Amino acid sequence: MLKPVAAIAALAMIAACGGSGADESTPPAATATPAATVTPAPAPVAAAPVEPGVEFASLPAPYNTADYARGKRTFKLCQSCHLTAEGSGNLVGPNLHGLFGREVGSLEGFAYSDALEDADFIWEPHHLDEWLTNPRAYLPGNRMSFAGVRKPEDRLGLIAYLMLETGYTPVSGDAPAGDAPQP
Ligand code: HEC
């Protein structure tokens, strides 16, 4: 009993396929034209990922290529000691808001070690990269008990993340990100 039923079903399918195939051969030219006018209008990509402050793409290279999510993850290593929001205060370590462009060891109300107070530079991304590679070696005698972030791609992401979270603006001396002088 099953065999003839299957055969009929198969025949029905073949018939259906043959029929629709024959129909399709006629109209495609008519439908192609309106479809072509629809495609070139690209839907603007609205939802950027969580990137407060500066636009991610406007960060100086190579930070504009960094993996923000990786940076956010890597910041978990710091967040027991550092806050990044403006006015959110200090933990064991100083608040990092406005870090870029700030003199090292200069946040009012935080008791730095002599190592940081005596150091003399303005935080730029490349300083942070060296500091985070090996804090102890970069400013000997400092009190940040943290071994460092070994993987370069973790540091890249972390620094980009910090730029966005701490209100980065390009430091004079760095190539300005967006406003190159017009020739
Ligand atoms: C165990 C706590 C701790 C951890 C973890 C830690 N820090 Fe720190 N950090 C400190 C302390 C304390 C200081 C001040 C050091 C001093 O005065 O010698 C400091 C200083 C700094 C400074 C200098 C700030 C300034 O005002 O000049 C930066 C930048 C910094 N930390 C970034 C980070 C980042 C980024 C991470 C995570 C990868 C991190 N820290 C992890 C405790 C910590």
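One numbering rule holds for all chains: residues counted from 1, following each sequence as written. The predicted nature of this model means local features are confined to residues of pLDDT at least 70 and side-chain atom pairs, given and counted, to a pLDDT of 80 or more, with totals for whole chains, interfaces and linings taken over all residues.

Colleague: I'd like a rundown of the overall build of the chain, residues and numbers included.
Modeller: Secondary structure is summarised from DSSP: a helix means a run of H or I of at least four residues, a strand means a run of E of at least two, and numbering begins at the N terminus for each. Helix and strand content of the chain: 7 helices and 0 strands. Helices (α) and strands (β) of the chain occur, in sequence order from the N terminus, as α-α-α-α-α-α-α. Any residue whose C-beta has 12 or fewer other C-beta atoms within 10 Å is treated as exposed, any with 20 or more as buried, and any in between as partly exposed, C-beta atoms being built from the backbone. Counting only residues that meet the buried cut, the chain has 20% of its 183 residues in that class. Contact between residues is assigned whenever the C-beta positions, reconstructed from backbone atoms, fall within 7 Å. The contacts in the chain between residues at least 6 apart in sequence include a share of 60% that link residues at least 24 apart.

Colleague: Can you explain the site of the ligand? Please cite residues and give values.
Modeller: Taken together, 24 residues are adjacent to the ligand, and C78, C81, G93, S113 and N142 come closest. Within the residue set of the shell around the ligand, elements represented by two or more residues are α4 (114-118) and α5 (125-133). For the shell around the ligand, the residue count by class is 16 nonpolar, 7 polar and 1 charged. Only the C-beta atom matters for nearness: placed from the backbone, it must lie within 6 Å of the molecule or strand for the residue to count as near. All amino acids are sorted into three groups, where Ala, Val, Leu, Ile, Met, Phe, Trp, Tyr, Cys and Pro are nonpolar, Asp, Glu, Lys and Arg are charged, and the leftover types, Gly among them, are polar.

Colleague: Now, about unusual backbone geometry: what can you tell me, with residues and values included?
Modeller: Across the junction of A61 and P62, the peptide omega takes the value 0°, indicating a cis bond. Mapped onto the fold, P62 is located in the loop between α2 (28-38) and α3 (68-74).

Colleague: Go over the environment of D118, please, and point to the residues and values.
Modeller: Examined against the element boundaries, D118 turns out to sit in helix α4. The exposure class of D118 is exposed, given the 12 C-beta atoms found within 10 Å. For the pair formed by D118 and G105, sequence separation is 13 residues and the distance between their alpha carbons is 8.0 Å.

Colleague: Outline helix α7 (residues 152-165), listing residues and values.
Modeller: With 14 residues, α7 extends 20 Å from end C-alpha to end C-alpha; this agrees with the ideal 20 Å at 1.5 Å per step. Most of α7 sits out of view: 11 of its 14 residues are buried. Among the residues of α7, those classed as buried are R155, L156, G157, L158, I159, A160, Y161, L162, M163, L164 and E165. Residues of α7 that are buried make contact with α3 and α5. Looking one or two places after α7, you find G167, whose phi comes out positive at around 75°. Under the convention used throughout, the expected extent of a helix is 1.5 Å for every residue step, that is, one less than its residue count.

Colleague: Mind laying out the nonpolar core, listing which residues take part and the relevant values?
Modeller: Formed by 20 residues in total, the largest nonpolar core has its most connected members in Y63, L158, I159, A160, L162 and M163. Those elements that place two or more of their residues in this core are α5 and α7. Ranked by residue count, the leading element in this core is α7, at 8 residues. Nonpolar cores are identified as sets of buried Ala, Val, Leu, Ile, Met, Phe, Trp, Tyr and Cys residues joined via C-beta atoms within 7 Å.

Colleague: If you had to explain the packing of α5 against α7 to someone new, which residues and values would you point to?
Modeller: The axes are straight lines fitted to the C-alpha atoms, using for helices just the contacting stretch, and the angles between their N-to-C directions are given from 0 to 180°. Contact geometry of α5 with α7 gives a least axis separation of 10 Å together with a crossing angle of 130°. As judged from the angle between their axes, α5 and α7 are oblique. As α5 packs across α7, the resulting crossing turns out to be right-handed. Facing α5, whose interface residues are P125, L128, D129, L132 and T133, α7 presents R155, L158 and I159. Note on terminology: angles under 35 degrees are roughly parallel, angles over 145 are roughly antiparallel, angles of 65 to 115 are roughly perpendicular, and the others are oblique. Here is the rule for handedness: rotate from the far helix to the near one, and if that takes an anticlockwise turn smaller than a right angle the crossing is left-handed, while a clockwise turn gives right-handed.

Colleague: Mind laying out the environment of D114, listing which residues take part and the relevant values?
Modeller: Looking at the secondary structure, you find D114 in helix α4. Given 11 C-beta atoms within 10 Å, D114 falls into the exposed group. Spatially, the C-alpha atom of D114 lies 9.9 Å from that of P140, the residues being 26 residues apart in sequence.

Colleague: Describe α5, naming the residues involved and giving the relevant values.
Modeller: Here α5 has its buried residues at P125, W131 and L132. Viewed along the axis of α5, the buried residues span an arc of 120°, placing them on a single side of the element. Check the buried side of α5 and you find it contacts α6 (135-138) and α7. It is the directions from the helix axis to the C-beta atoms that the arc portrays.

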